[in-house]
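Coordinate inspection notes
Listed below are the residues making up each chain.
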Amino acid sequence: MKKIKDTRKLKLIANKIRQDIIKSLTEAGSGHSAGPLGMADVLTALYFNVMEHDPKNPGWGKRDYFVLSNGHICPVLYATLANAGYFPEAELMTLRKLGSRLQGHPHRAALPGLETTSGPLGSGLSQAAGMAYGLRMDQRPNRVFCLTSDGEHNEGNIWEAVLFIAKNKLDNLTAILDRNYIQIDGNTEDVMPLDPVKEKYLAFNWNVIEIDGNNMEEILTALSPAKRLSGKPAMVIARNVPGKGVSFMENNYEWHGKPPTQEQAEIALAELEYWREKIVAGEEQ
Amino acid sequence: MTNKKMYLIDDLYGENIKQAPTRDGYGNGLVALGEADRNVVVLCADLTDSTRSKYFADKFPDRFIEIGVAEQNMVTVASGLAAVGKIPFVASYATFCPGRCWEQIRTTICYNDRNVKIAGAHAGISVGPDGATHQALEDIALMRALPNMVVVVPCDANEAKKATIAVGKIKKPAYVRFTREKTPLFTTEKTPFQLGKAEVYRDGKDVTIIACGSLVYQALLAAKELEKDGVEATVINCHTIKPLDGKTIMKAVRQTGAVVTVEEHQITGGLGGAVAEYLSENYPVPLKRVGVQDRFGESGAPDELLKKFGLTYTDIMESVKNALRLKNER
Ligand SMILES: Cc1ncc(C[n+]2csc(CCOP(=O)(O)OP(=O)(O)O)c2C)c(N)n1
Ligand SMILES: [Mg+2]
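The structure presented is a predicted model; accordingly, all values stated were derived computationally and were not measured. Residue indices begin from 1 for each chain and proceed along its sequence in written order. For naming, the first written chain is A and the first written ligand is 1, with later ones following in the order written. This being a predicted model, a pLDDT of at least 70 is required before a residue's local features are given, and a value of 80 or more before pairs of side-chain atoms are given or counted; all residues contribute to the totals for chains, interfaces and linings. Each side-chain value is worked out from all heavy atoms of the structure, with water and hydrogens disregarded.

1. Some remarks on the overall build of chain A
Helix numbering and strand numbering both begin at the N terminus, where a helix is a DSSP run of H or I of at least 4 residues and a strand a DSSP run of E of at least 2. Scanning chain A from terminus to terminus reveals 10 helices and five strands. Here the radius of gyration uses the C-alpha set of atoms, whereas the globule reference equals 2.2 Å times the residue count to the power 0.38. For a compact globule of 285 residues, the expected C-alpha radius of gyration is about 19 Å, and chain A comes in at 18 Å, within 12% of that figure. By principal-axis analysis of the C-alpha atoms, chain A measures approximately 50 × 45 × 40 Å. Of all 285 residues assigned to chain A, the portion counted as buried reaches 58%. With a 1.4 Å probe rolled over the protein chains alone, any residue whose accessible area is under 20% of its type maximum counts as buried; one over 50% counts as exposed, and the rest are partly exposed.

Structure (structure tokens):
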């Protein structure tokens, strides 16, 4: 797919994706709001600038792989795939409904463009590792990206993967940490503290880059080939605001796992529309 | 009568029958697969020697991946390898894999439809002195409940090699179960083996004994002894538990009208469970299950344990008599 370099255009796409997330979740009547809104900028960057991929040919052998480990934030992945042209945007309104390709948690076999099935937390990073390992065995240049969340780092399987990836120096793998400081039962540092997460990854021999995960310029820089270190896997810690763009959802863990009501959706869309105009006017950030 | 078309060894009941652990068959099967297909890769979780993954690791070090003691990581890394075209085989003790990583197998391999093969070593009570923690008695149940999973329990090291090669050639998740101890090598190169096809090793008209794993041999011993009492038993090697070969089972059971299942596993959820489910829906007949009776194992010598837990040929004979009593009371 042709890469978009203009950050203003990318920000507008992220805004559109956020609006689509709100609409599809409201129509679905269940699902997760905060995580998807927080990760809209990162997914926009990946699918519209960073990754090699072809929406018209999802199985293209030279594509980069995106593994969503924290599967519950799939509304953002679905909205991104639709906006990139993998399937009609109208289909976003079928989210979580009987017969839909947009399952409540992503199912690979249901929808072309998905690289794996996820939802049960903790197992995506290992799968990304297996992909990166296998690609390297065959000297294929494809990169593997894996989005993993902070709450998910409570899982032992994640740390097993962290050891394995460092041992094998999988520098064709870039992990991104959805660091939004919330999970279901509360703030991450109350439920199960993860900080200092940067130091943890450094100690595990990873190349660690910490960024504002809602800042398009910082995201693009962190994910660019220039930031890759030979022999080291990369962890991009993307600090971000859960619920980003919708004031009453921002930084509130209670918005982890529920959709807006019709009324709340209208307010949310109006706020996102306000931000869209700001981006158009070049006033945002 | 022993079925000649099965090409079992000539001196089937001889004193000096050769023995080997079925895990050897896994190792040999891996090497054969590795020679034939460069996409075959082998993963192990710090049990490379005892699972016989070592046979492959020594020959193809570039295609062997040491995972360390991390079974959840092993199966999920395997899922990722399969995603890019590899054919991964993973091995640990069955209590740990699939025991510890069942959900990862369910989601990232079965539901995700990834071509990963799982070898559960040291299954059954015959693991011996290591005790109950290391004696997998529930693994067939765990794997059999999963959609999309093939489940195979080979009866000796020769069949184990064939089973390993066979699962490597299908594009589906599969679980193959192996034992630690040496058991009789009673099948030969020529003995037929086809995934999903149960084989009738012995024909009889009174009762059908359906067995899997190394206890198939005990079932044959039981049938031989029963003959002396005038009981003619059919013995079926039901190596593939999923998909179950209902046709072969049905054909035999229609002739005999009574069934005994035999396995080194809990009586719930394994071969006995599968056969009971199938027959009660299609052709209900008296059925007895030889297996571990809803309890955990313990330390001991393998033969002592098989005796204590009721898994020898004399226990099978006992169950046959009970099944026949039920049949005659009808
Ligand atoms: C293995 C597993 N256990 C529990 C859950 C239920 N669950 C879904 S999301 C979640 C919180 C995870 O934290 P995080 O991804 O940081 O949440 P977010 O930032 O999106 O609010 C939990 C416990 C799950 N999906 N998988
Ligand atoms: Mg979080």
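2. Observations regarding the site of ligand 1
All names here are of chain A. For ligand 1, the set of nearby residues contains 13 residues, the closest of which are His72, Ser149, Asp150, Asn180 and His256. As used in this structure description, the phrase polar contact means that two N or O atoms lie within 3.5 Å; if the pair is within protein, one of them must be able to donate a hydrogen and the other to accept it, and residues adjacent in sequence are counted only when both atoms belong to side chains. Side-chain polar atom of histidine 72 to an oxygen atom of ligand 1: 2.7 Å apart, as the coordinates give it. Within the side chain of serine 149, an N or O atom sits 2.6 Å from an oxygen atom of ligand 1. Burial of ligand 1 by the surrounding chains reaches 76%, relative to a free accessible area of 590 Å². Polar here means any residue other than Ala, Val, Leu, Ile, Met, Phe, Trp, Tyr, Cys and Pro, which are nonpolar, and Asp, Glu, Lys and Arg, which are charged; Gly is therefore polar. Of the residues assigned to the shell around ligand 1, the class counts are four nonpolar, seven polar and two charged. Put simply, a residue is near a molecule or strand once any heavy atom of it comes within 4 Å of that molecule or strand. In this description, accessible areas are obtained by the Shrake-Rupley approach with a 1.4 Å probe, and a residue is regarded as covered only by the protein chains that are shown.

3. Structural notes on the state of the cysteines
All names here are of chain B. By disulfide we mean two sulfur atoms from cysteines, separated by a distance within 2.5 Å. What the rule picks out here adds up to zero disulfides over all chains. Here cysteine 97 is not disulfide-linked; the sulfur of cysteine 101 is the nearest cysteine sulfur, at 3.6 Å. Accessibility expressed as a relative area gives 0% for cysteine 97, which makes it buried.

4. Examining the interface of chain A and chain B
Residue contacts follow a heavy-atom distance rule, with two residues in contact if any of their heavy atoms lie within 4.5 Å. Contacts between chain A and chain B engage 24 residues on the former and 28 residues on the latter. The largest share of the area that chain A buries against chain B comes from Met137, Glu160 and Phe164 of chain A, three residues that together contribute 23% of it. Whenever Lys or Arg places a side-chain nitrogen within 4 Å of a carboxyl oxygen from Asp or Glu, that contact is recorded as a salt bridge. A salt bridge links arginine 38 of chain B to aspartate 138 of chain A, with the nearest nitrogen and oxygen atoms 3.5 Å apart. For the pair chain A and chain B, the number of links is 12 residue pairs in polar contact (both at pLDDT 80 or more). Those elements that provide at least two residues to the side of chain A that touches chain B are α5 (124-137) and α6 (156-167) of chain A. Here's the idea: put two parts together, see how much 1.4 Å probe accessible area each one loses, and the total over both is what we call buried area.

5. Quick look at the coordination of the magnesium ion (ligand 2)
All names here are of chain A. Every protein donor of the magnesium ion (ligand 2) is accounted for by Asp150 (OD), Asn180 (OD1) and Ile182 (O), and the metal-donor separations fall at 2.1 to 2.2 Å. In this listing, donors mean N, O and S atoms no farther than 2.8 Å from the metal, or 3.2 Å for Na, K and Ca; water is missing from the atoms, so a site can look incomplete. Of note, the magnesium ion (ligand 2) draws all its donor residues from one chain, in the sequence arrangement D-x29-N-x1-I. On the accessibility criterion, asparagine 180 (7% relative accessible area) is buried.

6. Observations regarding the environment of proline 55 of chain A
Residues and elements named next belong to chain A. Turning to its location among the elements, proline 55 is positioned in the loop between α3 (40-50) and β1 (65-68). With a relative accessible area of 9%, proline 55 lands in the buried category. Separated by 54 residues in sequence, proline 55 and methionine 1 place their C-alpha atoms 7.2 Å apart. Setting aside chain neighbours within four positions, we find proline 55 in contact with Met1, Ala84, Gly85 and Tyr86.

7. Brief notes about the pattern of salt bridges
Residue and element names in this part refer to chain A. On inspection of all chains with the given rule, the structure shows 29 salt bridges over all chains. Close ionic contact of arginine 276 with glutamate 273 constitutes a salt bridge, the shortest N to O distance being 2.9 Å. Placement of the pair is arginine 276 and glutamate 273 together in helix α10 (residues 262-280), with a separation of three residues, close to one helical turn. A relative accessible area of 31% places arginine 276 in the partly exposed class.

8. Quick word on the confidence of the model for chain B
Looking at any residue, its pLDDT shows the predictor's confidence there, from 0 to 100. Summing up the model confidence of chain B, the mean pLDDT is 97 and the portion of residues at 70 or higher is 100%. For this predicted complex, the interface confidence reaches an ipTM of 0.94, while the overall pTM sits at 0.96.

9. Section: the sheet that holds strand β10 (residues 207-211) of chain B
Residue and element names in this part refer to chain B. Only when DSSP finds a minimum of two bridges between them are two strands counted as paired. As summarised here, the arrangement of the five strands in space is β9-β11-β10-β13-β14, forming an open sheet in which the pairing is mixed. Taken across any chain shown, the strands that pair with only one partner, and hence form the sheet edges, are β9 (199-202) and β14 (287-292). Strand after strand, the sheet turns through a mean of 25 degrees between neighbouring axes, direction not considered. In terms of strand pairing, strand β13 (residues 259-266) meets β14 through five bridges, oriented parallel. Bridged to threonine 261 within β14 is arginine 289. Lines are fitted to the C-alpha atoms to define the axes, a helix being fitted only along its stretch in contact, and any angle between axes, read from their N-to-C directions, falls within 0 to 180 degrees.

10. Let's talk about α5 of chain A
Residues and elements named next belong to chain A. Each residue after the first adds 1.5 Å to the expected span of a helix. Compared with the 20 Å implied by 1.5 Å per residue over 14 residues, the 20 Å span of α5 between its first and last C-alpha is a close match. In terms of burial, α5 is largely enclosed, as 12 of its 14 residues are buried. Those residues of α5 not exposed but buried are Gly124, Leu125, Ser126, Gln127, Ala128, Ala129, Gly130, Met131, Ala132, Tyr133, Gly134 and Leu135. Just beyond α5, the residue with positive phi is glutamine 139, at close to 50 degrees.

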